[in-house]
Amino acid sequence: MGVDLSPQNIKELMARFGQQLKEARTRDDLELMKRDWVSKEGFVKELFKGLRDVPAEEKPTVAALLNELRVAVEEGIESRERALRSEALQAQLSSEYLDVSLPEAATGLGSIHPISVVEDRITEVLRPFGFQSVMGPEIETSYYCFDSLNIPKHHPARDLQDTFYTETGHVLRTHSTSVQARILQHRAIFENCRLPVKVASYGRSYRNEKEDASHTAMFHQYELVWVEPGLTLAHLLGLITHILKELYGKRRKVRFTPRFYPYTEPSVGPQIDCSVCRGEGCPSCGGAGWVTIGGSGMIHPNVLREFKLDPEKVSGFAFGLGTSRLAGQLYNLPHLRAVYENDLRILKEIV
Amino acid sequence: MRLYVRLLEKLIEIPECQVAAASHSPLRVLLDDLGLEVKGVEASPERGVIYTLETLANRGDHLSHVGVAREISARTLAHIKMPPVAGQLSDRKASVLVRRATDKCMRYALMEMSIPTGMALRNDIACFLEEPEKLHPIVSILNYVQAEMGQPMHAFDADKVEGEVSVELSSKPEQVEALDGKAYTVPEGSILIRDRKKILAVAGVIGCQNSMVTGGTRKVLIEAASFDPVSVRITARAMGLSTDASYAFERGCDVEGLLPALKRLAYLAGGSAGTAKDTEAAHVIGITVADGTVTEKRKVSVALSALRRQLNLPRLEEVEVVTRLKNLGYQVEASPAGKDRELQIAVPPWRLWDVRDRDDIYEDMARSVSLNRVRPELPPLDYETAPPNSIEKLQRVIRTALTGSGFVEVITPGYYSAAEVSLLNQLSTGIHKRHMALKNSLEAKYSHMKTTNVVNLTRLLSANRKRGVLAAKVYEVGRVFCLPEEMPSDEPRERDELDYNFEHDVVSFASAGRWFEGEWRKPESLEEHLRLFKGAIAGLIKGIGCAFSASKSESPFLHPGIQGSVKCGRHVVGVFGVVHPLIREACEIKEEVFYGELDARLLAKLMIGVPAPEVSDFPAVWRDVTLKVGVKDQAGRILRFIHEASIDSLSEAAVVDDFRKPEEEFRRVTFRVTFQHRERTLRGEEVEASMHSLIDGLMSKHEVEMAP
């Protein structure tokens, strides 16, 4: 039986399609419509097959109508499909809910200790000057800790450095200056006093003290030694000022006071205005408004001589900055112990 | 040193120092700037301002008001008004003979004085002394003169001295009863002041009861001397005593300060001061001085140009330099005018202990012009930037790996107590027994150097859990210490970086409580926590560019059944696991603590950097295989075999399930083996062949069976 390709029928089909599309409420309804209308066996294909029986003069008109029908069917189904998908998505989204105000599940980032932060920053500041960073032993001989550094056995300066002695007769280094002695000795014995010496070293030092809010038996220092002809006190002050300004910002005040260290001459104590009271005076700075953050000086001629260097030809300077103090000042910690208390509630937050 | 501002005002014009603003007075600022650090402030309308100064250990001359005035004078260029002294002491000698039998006493003087019965201390002296009413007036005046001029002196009751007074070294340990009423043993080799029968004083340290001045004393012998600083120090230390006198002598006194001090004393104690009635005044009877070596006339020469360069003050005038140095007590002569003026500088006798060469003069000049006037100058930059050392490189990897996993860096002490040593000794017979003891710790909590960080980190976690930290995860890059089997030589030698005699660098890390933060979340199981902990280690090892694996280990401070060695490629670099219950108990933490300790030196050596991985664009194919694994066997062993099997296309192997049915005596562990070829898509039969080969190998070499 031939298909009815009369314009009337095609228009009726179009109207029927429109009605069915309106009634399609689900994806299944739409799948059925697709099968009936656009599959290989669907109405549209069947109508097109009938086109070959249409007289030639009517073909253009009928074909145009059929194309119109096909486009309407395809677009109608596609559009309805989109609408249904959108409705379904909307329904799904409106039914789903999670309370995002509940706490997150995370390991959270850890943190780097304030002392390490200070050490890293100073190392970075010093890098353009060509400093080599080295480590040294914490258990030392008294030669490296005292004797080679112009601290004779019964000098009152040894009082400054209440020393831990081990059962083997060694000492726990009282300052990182012992690394300076090792480096200078190494250069003297194994490297024919090669110059310049530009070495930085940092780590723990120990003093045999009773612990309280402002004293710990262990503390950290950042040691630097630079030996080269022509270095002056002004260079030393310049480098320390540069480091402190880089650490704390240009507005932070820096000053220098005379000190005594047997291994340096002149000896200098760098100070910064207290971060807690901004120089007004408070318990953490002993009311002075200033905090001494280490010791420094031009290397004593006796120390240079000890390591086969001629003080008439070369000079050098060294400093040992108290990294624990620097860290305390960087993070406004009211007392030194806070740096070593390892309270994770503080350590996680301050860095 | 206690600095009485009113006394200082008598010597020199000083910057303002009001009682109400003593803490921030211009004088205090000046003192700090001069290196006379103010450590304490007392201020009252009655006594004015008293500063407690911390003086420099090489500057005995700073322990007097005149010494402080000299420093101020060099800075402000104000003149010092030296305190008045008696014009002439006496032509007569004291009634006792003095014998100086050791060169450790450079000079010794005894001044004999009569003491009136009603001797009273003048108020203008008493106000500068602490509790003068407890002392005989003559002793108070000695103390005053020491505070003023720096010369320690001592008074003997002349009637208690028998025969010649000698200054000599002790040939054996001696017992003395000192002025403080305590008995002391004085070591052999100490300088002693003796009469014919007894020890009168331990030179420079303290006098003895047997010759003490009392209310009934009518005649005194005033001792003023110059003693060897080291000798005084050794004796005072051995006696466990530090007196004002020993403190001053140890730091070096003016070797020519004896007579001026005695003259000052005679002035104040005698009628010369004008306020004491003659009947209340002490009178000099005679004086005997035993001189030793002649005071050295030391000279130092300094080129003005070098001084200017040091201070970076090119316009520093010669006249300014000379004036400041003279105010410090130096005598200065300039060489004839020329291109580079040299100053010949004679060192004053009170500075012979610390001024030896031109650097000391640089220091004095820097202090007197102020270090803060020195113009800082940045030294030259260097274009050969040194690379970071191996520990620094390692630290970067560690920080990235561990802070990324939520670990917080901590710093723990290098030591612990004997209790911890005893705890670890219970657990170990090996290296951890080789603790190095500290001989002289002031506190029991630091008696030994630590051989492992497990106790310190466990204790730290315990404290933080008690503080309410839910997920406590910490790490530390530090040192542990141990006595080697053979004592190494201290002779200098060429060393590798990080090669030390008694210590080595370790990375230690620990975790307790939860892994993830958040109270609302279910805590991780022991097994899950262990895996997360191990994952952090794996991240670290991968970060240094090595393959990570774990195998059996026998660390004494970890739970014997929950621990493993950490392997970096083929090298065992450390251990990890659950902390031994005994350590946990000692550290007062009830829950499990996870701990790992790695050899940082070895890690640093193995660190090769992580190259960019070679990846394939062709599809990956995987196969799962479930094998029977013994309950206490390690699945990691099988995994390692798979990794090391020589199959070209094998790209990854992992455990994806570990399951044990309650009724079975084995675990079912599922391994996922992934194959991927770099240049083509693998065929199914190739993959099957590889899997067969792998399973055959496992069955023959490891005697494993497929799970039913």
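In this text, all values refer to a predicted model and were calculated from it rather than measured experimentally.

1. Some details on the overall build of chain B
- From N to C terminus, chain B includes 19 helices and 30 strands.
- Here the C-alpha radius of gyration of chain B, 39 Å, is well above what a compact globule of 708 residues would show, namely 27 Å.
- Reported as C-alpha extents along the three principal axes, the dimensions of chain B are approximately 125 × 65 × 50 Å.
- Scored against the burial criterion, the 708 residues of chain B give a buried share of 56%.
- Long-range pairs, those at least 24 residues apart, make up 71% of the contacts in chain B between residues at least 6 apart in sequence.
- Per element, the accessible surface of chain B, about 31700 Å² overall, is 51% carbon and sulfur.

2. Some thoughts on the side chain of B:N464
- Here B:N464 shows up in helix α14 (residues 454-466).
- When near neighbours in sequence (up to four residues on either side) are disregarded, B:N464 contacts A:N342, A:D343, A:L344 and B:V469.

3. A look at the pattern of salt bridges
Residue and element names in this part refer to chain B.
- Enumeration over the complete set of coordinates arrives at 73 salt bridges over all chains.
- Between R59 and D364 there is a salt bridge whose closest N-O contact spans 3.8 Å. A residue pair is termed long-range when its members are at least 10 positions apart, and R59 in the loop between β3 (48-54) and α3 (65-76) and D364 in helix α11 (residues 358-369) qualify at 305 residues.
- R59 sits in the buried class, given a relative accessible area of 1%.
- Of the charged contacts, one joins E686 and R680 as a salt bridge, the two residues approaching to 2.7 Å between their closest N and O atoms.
- Its relative accessible area of 33% is what places R680 among the partly exposed residues.
- One salt-bridge network, held together by shared partners, links R59, D61, E71, R351, D354, D364 and R367.

4. Examining the sheet that holds strand β16 (residues 331-334) of chain B
All names here are of chain B.
- Within the open sheet, the 3 strands sit side by side as β15-β17-β16. Their pairing is antiparallel. Each edge of the open sheet carries a strand with a single partner, namely β15 (299-303) and β16. Direction aside, the axes of adjacent strands within the sheet are offset by 25° on average.
- Bridging between β15 and strand β17 (residues 342-346) involves 5 bridges; their strand directions are antiparallel. Among the inter-strand pairings, V302 is bridged to a residue of β17, identified as L343.
- Along the sheet face, α11 touches β15 and β17 and points at about 70° away from the line of β15.

5. Re the confidence of the model for chain B
- This prediction gives chain B a mean pLDDT of 90; 96% of its residues lie at or above 70.
- Reported confidence for the predicted complex is 0.84 by ipTM and 0.83 by pTM.

6. Some details on the packing of helix α1 (residues 7-23) of chain A against helix α2 (residues 27-37) of chain A
Residue and element names in this part refer to chain A.
- One can describe the packing of α1 onto α2 by two numbers: an axis separation of 10 Å at closest approach and a directional angle of 160°. Judged by the inter-axis angle, α1 sits roughly antiparallel to α2. Remark: the crossing between α1 and α2 carries left-handed chirality. Here L13, R16, F17, Q20, L21 and E23 of α1 come into contact with α2, specifically with D29, L30, M33 and W37.
- For the contact of α1 with α2, the residue count by class is 6 nonpolar, 1 polar and 3 charged.

7. Focus on the domain arrangement of chain B
- Structurally, chain B comprises domain 1 (2-76), domain 2 (98-291), domain 3 (299-373), domain 4 (390-488 + 496-606) and domain 5 (621-706).
- Averaged C-alpha coordinates put domain 1 of chain B and domain 5 of chain B at centres separated by 82 Å.

8. Some words on the pairing of strand β24 (residues 558-568) of chain B
All names here are of chain B.
- The pairing of strand β23 (residues 548-551) with β24 spans 4 bridges and is classified as antiparallel. Paired with S551 across the bridge in β24 is S565.
- Connecting β23 to the next strand, β24, in antiparallel fashion are 6 residues.
- Taken together, the 7 bridges between β24 and strand β25 (residues 571-579) define a ladder with antiparallel strand orientation. Residue pairing for β25: S565 is matched across the bridge by V575.

9. Re the interface of chain A and chain B
- Taken together, the contact pairs 101 residues of chain A with 104 residues of chain B.
- Carbon and sulfur atoms supply 56% of the area buried between chain A and chain B, which totals about 8600 Å² over both sides.
- Counting the contacts that link chain A with chain B gives 8 salt bridges.
- Salt-bridge contacts for B:D32 lead to A:R255; the nearest nitrogen and oxygen are separated by 3.9 Å.
- Connecting chain A to chain B are 39 residue pairs in polar contact (both at pLDDT 80 or more).
- With 8 residues, the top contributor of residues to the side of chain A that touches chain B is helix α8 (residues 233-248) of chain A.
- Classifying every residue of the side of chain A that touches chain B gives 43 nonpolar, 35 polar and 23 charged.

10. Things to note about the environment of B:Y267
Residue and element names in this part refer to chain B.
- Tracing the sequence through the fold places Y267 in helix α8 (residues 258-269).
- For Y267, a relative accessible area of 17% gives the class buried.
- In sequence terms Y267 and L89 are 178 residues apart; their C-alpha atoms lie 9.2 Å from each other.

11. Here we look at helix α2 (residues 26-33) of chain B
Residues and elements named next belong to chain B.
- Counting buried positions along α2 yields 6 of 8 residues, so the element is predominantly enclosed.
- For α2, the complete set of buried residues consists of L27, R28, L30, L31, D32 and D33.
- Looking one or two residues past α2, G35 carries a phi angle of roughly 85°, positive in sign.

12. Here we look at the nonpolar core
- Counting residues in each nonpolar core, the largest one holds 90 residues, and the members touching the most others are A:L233, A:L239 and B:L311.
- The leading source of residues in this core is α8(A), at 10 residues.
- Counting residues in each nonpolar core, the second largest holds 38 residues, with B:V98, B:L192, B:A225 and B:C253 among its members.

Conventions and cut-offs
- Residues numbered from 1 in each chain as written.
- Chains lettered and ligands numbered in written order.
- Predicted model: local features only at pLDDT ≥ 70, side-chain atom pairs only at ≥ 80, totals over all residues.
- Heavy atoms only, no water.
- Helix = DSSP H or I, 4+ residues; strand = E, 2+ residues; numbered from the N terminus.
- Rg over C-alpha atoms; globule rule 2.2 N^0.38 Å.
- Buried < 20%, exposed > 50% of the residue type's maximum accessible area, 1.4 Å probe, protein only.
- Contact = heavy atoms within 4.5 Å.
- Areas by Shrake-Rupley, 256 points an atom, 1.4 Å probe, with all protein chains shown as cover.
- Salt bridge = Lys/Arg side-chain N within 4 Å of Asp/Glu carboxyl O.
- Pairing = 2+ DSSP bridges.
- Axes fitted to C-alpha atoms, helices over the stretch in contact; angles between N-to-C directions.
- pLDDT = per-residue confidence, 0-100.
- Parallel < 35°, antiparallel > 145°, perpendicular 65-115°, else oblique.
- Left-handed = near helix turned anticlockwise from the far one by under 90°.
- Nonpolar A, V, L, I, M, F, W, Y, C, P; charged D, E, K, R; others polar.
- Domains from an automatic or database assignment.
- Buried area = accessible area lost by both parts, 1.4 Å probe.
- Polar contact = N/O pair within 3.5 Å; in protein donor to acceptor, adjacent residues only side chain to side chain.
- Core = buried A, V, L, I, M, F, W, Y, C linked by side-chain atoms within 4.5 Å.

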